[in-house]
Every structure is written in C-alpha cells, then in structure tokens.
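# Structural overview for review
Single-letter residue listing:
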Amino acid sequence: MTDTYIAFLRAVNVGGRTVKMERLRALFADLGLTRVRSYIQSGNVFFDTEETDRAALTARIERHLAAELDFAVPVMLRTVDEVAAVVEADPFAGVEVTPDVRLCVVFLSEPLPADLEYPVADPKGSWEILSATPGAACTVFRLRNGRLSGDPAKSFPKSYTGQGTSRFFHTTVKILAAARKP
C-alpha cells in the first residue's frame, strides 16, 4: 500500500543553508520516492512510498540529505492523515489572534515528556504550548518588538531530548492542501 508522507525539514533555507526546491525534490527522488513535490522554500516535501518503517525511512532521508548537502537536515515525517488530524482538531480555537500573536505547529522527532500538563508557558510570556500529540506541539508565540523571541522549536522543557521544526498554523493548512492534491 502506498502512503503519502510530508517531510518537514529543519534548518533548510535559513542561516546560509540554501537549497533550491528543485534540487531537494531530486534528492528525494534519488531515494526511489515517487510523486515528489514541495511547498514553498522552507523545506516541506511530499512524496509517496510503499516503505512502512517510518524510522528507517526517516534515517535514510537524513543520511542522504546530509551526504549530498554537507549539513545535517533533521526530518520530521508525517502522513497526510496525521497532519489532517492536527489541523482538524482546531488546536487554536479560542486564541485571540492579534498582530503580535503567531500560531505554530512544532513537528516533533519524538513525543514531549508524558508528565507535562498543558498549557505549558514560558515564564517570560514568549510562548505557550496549548496541547500536544505524540508528533506535534501546538504553540502560541508572542512577538516582542515585532520579532519572535528565540527559536520556536526550542520552546520545550529542558528534559526534552528530541528535535522539532515549526510551521505557522495557516502554513500547515496550506501544506496539507498541497499534499492532498493528486
């Protein structure tokens, strides 16, 4: 059975790590993945595969990208259905959106600690994790002087040993719609 996956890549086209999407799609195709597409320049790649071992597939993609790009690219791999579940849960319902508020989904390499009680907030008020699934943390960020204070993927408790990559919620909705296109 073929599944469509969305690969959310961390640290692509930021900090001098520039990769054209055409090259990125070709790198995924090199791995035998099919119907490879991308959405915007921030490292969102969709593809089909019959491979069922997600951990092995993730590791294979990360190794290939690191070898070809000469830098590590952490990959958070999700099925279309998993991303749809996050979007359809409407995790930010009731959050007042102002010009200083950003709604983000942080895709996780591993679940957050099970003992966290939500919401979890930064003492400085910069961010608040409203809820989390094993694969994503729904986080509200508040701008300070017009800028995000800190890296959204580093908004987790110090006990968290995994990685994350963030997307604005409205961008996540668009990524999902693009990935669903035939």
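What comes next concerns the included structure. Everything quoted here is computed from the prediction, not taken from an experiment. (Residues numbered from 1 in each chain as written. Predicted model: local features only at pLDDT ≥ 70, side-chain atom pairs only at ≥ 80, totals over all residues. Heavy atoms only, no water.)

### Looking at the pairing of strand β3 (residues 44-49)
Both faces of the sheet carry side chains from a regular strand, because those side chains alternate between them. Most of β3 sits out of view: 6 of its 6 residues are buried. Burial along β3 is two-sided: the face carrying Asn44, Phe46 and Asp48 and the face carrying Val45, Phe47 and Thr49 are both buried. When strand β1 (residues 3-9) meets β3, the two strands line up antiparallel, connected through 6 bridges. Opposite Ala7, over in β3, you have Val45 as the bridge partner. (Buried < 20%, exposed > 50% of the residue type's maximum accessible area, 1.4 Å probe, protein only. Helix = DSSP H or I, 4+ residues; strand = E, 2+ residues; numbered from the N terminus. Pairing = 2+ DSSP bridges.)

### Examining the sheet that holds strand β5 (residues 101-108)
Taking strand neighbours across the sheet as the criterion, the 5 strands line up as β6-β7-β8-β5-β9 in an open arrangement whose pairing is antiparallel. Looking at strand neighbours, the two that pair on one side only are β6 (120-121) and β9 (164-168), the edges of this open sheet. Looking at chain direction, β5 and strand β8 (residues 136-142) are connected through 7 bridges and run antiparallel. Residue pairing for β8: Val101 is matched across the bridge by Arg142. The sheet contacts of helix α4 (residues 169-180) involve β5 and β9, and relative to β9 the element is tilted by about 90 degrees. (Contact = heavy atoms within 4.5 Å. Axes fitted to C-alpha atoms, helices over the stretch in contact; angles between N-to-C directions.)

### Structural notes on the environment of Ala56
Assignment of secondary structure puts Ala56 in helix α2 (residues 54-69). Classification of Ala56 as partly exposed rests on a relative accessible area of 32%. Separated by 11 residues in the primary sequence, Ala56 and Ala67 have C-alpha atoms spaced 16 Å apart.

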